[in-house]
Amino acid sequence: MAFLFQKFQEAVRTLAKSPTFARDPRHLQFEADINRLFLYTSYNRLGKDAEEADIEEIIQMAGKASVSDQQKQVQENIHSQIKTFCASMDEVLLPDSKIVDESLESPSQRTMAPSRSGLSLAVGRISQPNNTPDVPDTKSLKLGELSQRLKNLIGYTLKIKPSEIPHKEAGQGLFLEGRADVGAVIAIYPGIIYSPAYYRYIPGYPRVDTHNPYLITRYDGTVINAQPWGEGGETREMWDVSRVINYEPNVQDMDKGSDRLWKMLSKPLEATRMQSSSEVLERRNPLALAHFANHPAKGMVPNVMVCPYDFPLTEKDMRTYIPNIQFGSGEDMKMKRYGSFWFKSWKSGNGGSDVPVLKTLVLVATRALEDEEVLLNYRLSNSKRRPSWYTPVDEEEDRRRWS
């Protein structure tokens with residue numbers, strides 16, 4: 001198996017340098033990342049019984065399949081792992097009688113019954129919902145005990161403790177306890193999801209990262225703010241965003257440069273246009289800690305990479321374990337980017353999937369991990385002043401990511 005993995009890693013390095021990628025630097029880096037994720041997650045899905053012929057087939061597919069096809073396969077591979085994780089959480093948390101009862105229900109009965117999962121808390125002017133879902137009964141386990149039981153089922157869990165990164169600003173770090181194979185979903189990035197249409201509602205806008213180190217951006221412009229999540233909680237509960245953030249747009253210091261232009265080009269969002277609802281969130285989520293992963297110090301190598309994951313909201317039985325909520329009303333609008341600006345446009349009726357999704361992020365292992373700190377390449381923009389502790393893993397990747 002070690003020989004097969006070495007061969008596989010050589011293919012990852014070779015394909016990442018392929019001249020067949022897009023010419024646009026930003027899209028080139030996106031395609032290179034999807035290519036790597038396709039290899040890693042497909043390798044993981046093969047399992048320990050993989051043979052050399054299977055590895056060869058994946059490598060050939062990675063060299064021939066379109067980026068779109070590879071992206072779809074990555075989504076399928078990640079979703080399969082998330083499904084296993086959610087089933088394991090159910091096994092640990094749900095009363096035994098409930099698991100038995102649900103297994104006997106017909107699909108129609110499950111649809112009609114109140115969902116035991118789900119978190120869809122849009123924000124705006126929050127009104128008291130008329131039909132607030134009940135918080136279902138679960139076993140009264142503390143997060144620590146739940147985490148250990150999850151480890152017994154899937155082989156690993158996560159813990160926050162002082163980082164081993166040798167600089168004073170490292171603070172707390174994210175540690176894997178147990179063993180995880182290459183391509184495994186190590187952690188989920190929790191928090192509030194903002195599409196470009198709602199950037200102005202990110203606390204502190206336009207300088208959103210001044211006092212918040214827990215923001216992350218997907219290639220499609222989606223921003224996730226993990227600050228309100230913290231370290232999670234000890235219950236399954238209603239998580240109302242209006243109680244944990246100030247969602248009003250910050251219009252201070254928006255009087256010069258691009259901020260002034262953006263203000264002129266787009267009217268402030270009206271909070272009354274945004275709907276609100278409340279569903280149930282499992283705060284005792286041992287994997288919802290991706291925002292505590294540190295950037296590796298000089299001489300160290302990252303062992304995970306970011307992977308975009310579009311969670312289908314039709315998977316209602318899994319929803320409570322996806323630690324994200326969408327800001328806004330989910331109106332049928334998209335944004336187009338021109339340079340530094342985002343402009344509103346409307347979706348055509350014949351494009352995209354009809355399945356509603358949450359645009360989330362997970363961390364995927366780039367090698368086998370065992371009882372060690374989780375390290376993520378932050379890829380900070382080299383067009384801005386970076387912290388003194390930041391050492392680029394690959395300066396060229398940083399440049400392409402933010403070009």
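Residues numbered from 1 in each chain as written. Predicted model: local features only at pLDDT ≥ 70, side-chain atom pairs only at ≥ 80, totals over all residues. Heavy atoms only, no water.

Participant: Before we go on, may I ask you to explain the side chain of Gln70 in this structure?
Facilitator: Along the chain, Gln70 falls in helix α4 (residues 67-93). Apart from residues lying up to four places away in sequence, Gln70 is in contact with Ile34, Asn35, Phe38, Met61, Ala62 and Ala65. (Helix = DSSP H or I, 4+ residues; strand = E, 2+ residues; numbered from the N terminus. Contact = heavy atoms within 4.5 Å.)

Participant: Can you walk me through the nonpolar core in this structure?
Facilitator: Within soluble globular proteins, side chains that are nonpolar tend to cluster in buried spots. Ranked by size, the top nonpolar core spans 62 residues in total, and within it Ile78, Ile82, Leu158, Ile186, Val362 and Val374 carry the most contacts. The biggest single contributor to this core is α4, with eight residues. Leave out the neighbours within four places in its chain, and Ile78 touches Thr41, Val185, Cys307, Tyr309, Val362 and Val364. Grouped together as the second largest cluster of nonpolar side chains are 15 residues, Tyr205, Trp229, Trp239 and Leu281 included. (Core = buried A, V, L, I, M, F, W, Y, C linked by side-chain atoms within 4.5 Å. Buried < 20%, exposed > 50% of the residue type's maximum accessible area, 1.4 Å probe, protein only.)

Participant: I'm lost on unusual backbone geometry in this one. Help?
Facilitator: Excluding glycine, most residues fall at negative phi; most peptide bonds, likewise, are trans. A cis amide bond links Tyr205 with the next residue in sequence, Pro206, at an omega value of 10°. Tracing the backbone through its elements, the reader meets Pro206 in the loop between β4 (191-194) and β5 (215-217). Here the phi dihedral of Asp371 falls at roughly 45°; this positive angle occurs in a residue that is not glycine. Secondary-structure assignment places Asp371 in strand β14 (residues 369-373). On the accessibility criterion, Asp371 (53% relative accessible area) is exposed. Located in the positive-phi region is Arg379, a residue other than glycine, with phi close to 50°. Considering the arrangement of structural elements, one finds Arg379 in the loop between β14 and α9 (395-401).

Participant: Help me understand the packing of α4 against helix α7 (residues 143-154), please; the structure alone is not making it clear to me.
Facilitator: Between two packed helices, both the angle of their axes relative to each other and the distance between the axes serve to describe the pair. Between α4 and α7, whose axes approach to 10 Å, the crossing angle comes to 130°. When the axis of α4 is compared with that of α7, the two are oblique. Crossing handedness for the pair α4 and α7: right-handed. In contact with Phe85, Ser88, Met89, Glu91, Val92 and Leu93 of α4, α7 contributes Leu146, Arg149, Leu150, Leu153 and Ile154. A per-class count over the contact of α4 with α7 returns eight nonpolar, one polar and two charged. (Axes fitted to C-alpha atoms, helices over the stretch in contact; angles between N-to-C directions. Parallel < 35°, antiparallel > 145°, perpendicular 65-115°, else oblique. Left-handed = near helix turned anticlockwise from the far one by under 90°. Nonpolar A, V, L, I, M, F, W, Y, C, P; charged D, E, K, R; others polar.)

Participant: For this particular structure, what's the right way to read the sheet that holds strand β10 (residues 324-326)?
Facilitator: Consider a sheet: its strands pair through backbone hydrogen bonds, and that pairing is either parallel or antiparallel. Taken in spatial order, the four strands of this open sheet run β5-β6-β4-β10, and their pairing is mixed. Edge positions in the sheet fall to β5 and β10, since each has one partner strand and no second. Taken pair by pair, the neighbouring strands of this sheet meet at an average axis angle of 25°, ignoring direction. Where β4 lies against β10, three bridges are found, and the strand directions are parallel. Bridging from a neighbouring strand, Ile193 pairs with Gln326 of β10. (Pairing = 2+ DSSP bridges.)

Participant: What's the story with the sheet that holds strand β13 (residues 357-365) in this structure? I'm lost.
Facilitator: Ordered in space as β3-β13-β9, the three strands form an open sheet in which the pairing is antiparallel. Each edge of the sheet is formed by a strand with only one pairing partner; in this case those strands are β3 (185-188) and β9 (304-312). For this sheet the average axis-to-axis angle between neighbouring strands, irrespective of direction, equals 35°. Of the pairings in the sheet, the one linking β3 to β13 comprises three bridges and is antiparallel in character. From the neighbouring strand, Ala187 faces β13, where its bridge partner is Leu363. Sheet strands touched by helix α2 (residues 25-46): β9 and β13. Its angle to β9, the strand with the most contacts, is close to 85°. Across the face of the sheet, α4 comes into contact with β3, β9 and β13 while running at roughly 80° to β9.

Participant: For this particular structure, what's the right way to read the pairing of β4?
Facilitator: Looking along a regular strand, one sees side chains alternate from face to face of the sheet. Of the strand pairs in this sheet, β4 and strand β6 (residues 223-225) are connected by three bridges, and their pairing is antiparallel. From the neighbouring strand, Ile192 faces β6, where its bridge partner is Asn225.

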